[in-house]
Structures are given as structure tokens and as C-alpha cells.
Amino acid sequence: QVQLVESGGGLVQAGGSLRLSCAASRSISSFNIMGWYRQAPGKQRELVATTTTSGGTNYGNSVTGRFTLSRDNDKNTVYLQMSSLKPEDTAVYYCYTYTRSGVSAGAYWGQGTQVTVSS
């Protein structure tokens, strides 16, 4: 299996910035999809940002222009740089990956990291 460990969550004031990290237990170069979802209380889990092996990146409508997804393949880590944070960004953020190849094929989720944005 693939283990995904998130870090970097915390409390930040509106307008502030925060960087989340997701460290994978193996090389991420072969992962078809990798990125972040989030879930706020009482809401469904929603897309934040994902990237594919082709290099394309998709952002949720509510975070476009404020969040940036990046990766460091040497460190098996993806990052989510969050800027201009809003109270509505408050949620548990989950690292996600999907791969179609190899013995570890499937979808994997991290345990989540809490992000709280105060007004």
C-alpha cells in the first residue's frame, strides 16, 4: 500500500498563508493523480487541487488563484501553498493519490490535517 502523511495544518487569520505537505511512502512519479481534497463540517468532500502524470493541474473553483500545488519528486512530497485564506477554507485537508499501475494500484487517502481560518 501507499501511505500518505499530511502536515502543516493549523490556525491562521483570514488573509494569511499556510503551506501543507504530503509525504508519500514511495515514489510519486508514477501516480496518475495526486493532490488535495478537503471536507468542512456538514459538507461533502470537495476538490482542492490535483495534478496528473502529464503535468496538468486542476483547481477547485473556490481556490483558483489563491492556492498553488507543487511537487518534489525527489522527496516524494507534494505541497499545497495556500494564500489569501478565508474562513470558508476551514476544513480537514486530505492528501489523495490514484494510480492504475503496479501492485499498489488504487486510491489512497491521508489521515487529514486540520486548517482553521479565523475571521
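Residue indices follow the written sequence of each chain, beginning from 1 at its first position. Thresholds applied to this predicted model are a pLDDT of at least 70 for local features of residues and 80 or more for the giving and counting of side-chain atom pairs; totals over whole chains, interfaces and linings are not thresholded and use all residues. Where side-chain values are given, they derive from all heavy atoms of the structure, hydrogens and water being excluded.

Asker: Help me get a handle on the state of the cysteines, residues and values and all.
Answerer: Two cysteine sulfurs form what is called a disulfide whenever their separation falls within 2.5 Å. Overall, the coordinates contain 1 disulfide when judged by the stated rule. Each disulfide pairs two cysteine sulfurs, and for Cys22 the partner residue is Cys95, the sulfurs being separated by 2.0 Å. Around the S-S axis, the bridge from Cys22 to Cys95 shows a dihedral of about -85 degrees and counts as left-handed. You can see Cys22 sitting in strand E3 (residues 18–24) and its partner Cys95 sitting in strand E9 (residues 91–99), a full 73 residues away along the chain. Here the two residues Cys22 and Cys95 agree in accessibility, since each one is buried. Every helix listed is a DSSP run of H or I at least four residues long, and every strand listed is a run of E at least two residues long, numbered separately from the N terminus. Under the scheme applied here, a residue whose accessible area is under 20% of the maximum for its type counts as buried, over 50% as exposed, and between as partly exposed, the area being computed with a 1.4 Å probe on protein chains only.

Asker: How would you explain the packing of aromatic side chains if you had to name every residue and give the values?
Answerer: A ring pair, where both rings are aromatic, is described by two values, the distance of the centres and the angle of the planes. Two rings from Phe, Tyr or Trp (for Trp, the six-membered ring) form a pair when their centres sit within 6.5 Å of each other. Planes less than 30 degrees apart are called stacked, planes more than 60 degrees apart edge-to-face, and all others tilted. For the structure shown, the criterion picks out 4 aromatic pairs. With a centroid separation of 5.4 Å and an interplanar angle of 65 degrees, the aromatic rings of Tyr37 and Trp109 are classed as edge-to-face. Residue Tyr37 is found in strand E4 (residues 33–39), and its partner Trp109 is found in strand E10 (residues 106–109); the two are separated by 72 residues along the sequence. Accessibility expressed as a relative area gives 37% for Trp109, which makes it partly exposed. Ring centres of Tyr96 and Trp109 lie 4.6 Å apart, and the angle between their planes is 50 degrees; this geometry places the pair in the tilted category. Remark: Trp109 occurs in strand E10 and Tyr96 occurs in strand E9; sequence separation between them is 13 residues. An aromatic cluster is defined as three or more aromatic residues linked by ring pairs; in this entry it consists of Tyr37, Tyr94, Tyr96 and Trp109. Two thresholds decide whether a charge sits over a ring: the Lys NZ or Arg CZ must be within 6 Å of the ring centre and within 35 degrees of the ring normal. The cationic tip of Arg45 hangs over the ring face of Tyr94; the distance from NZ or CZ to the ring centre is 3.9 Å. Geometry around Trp109 places Arg45 over its ring, the cationic atom sitting 4.5 Å from the centre.

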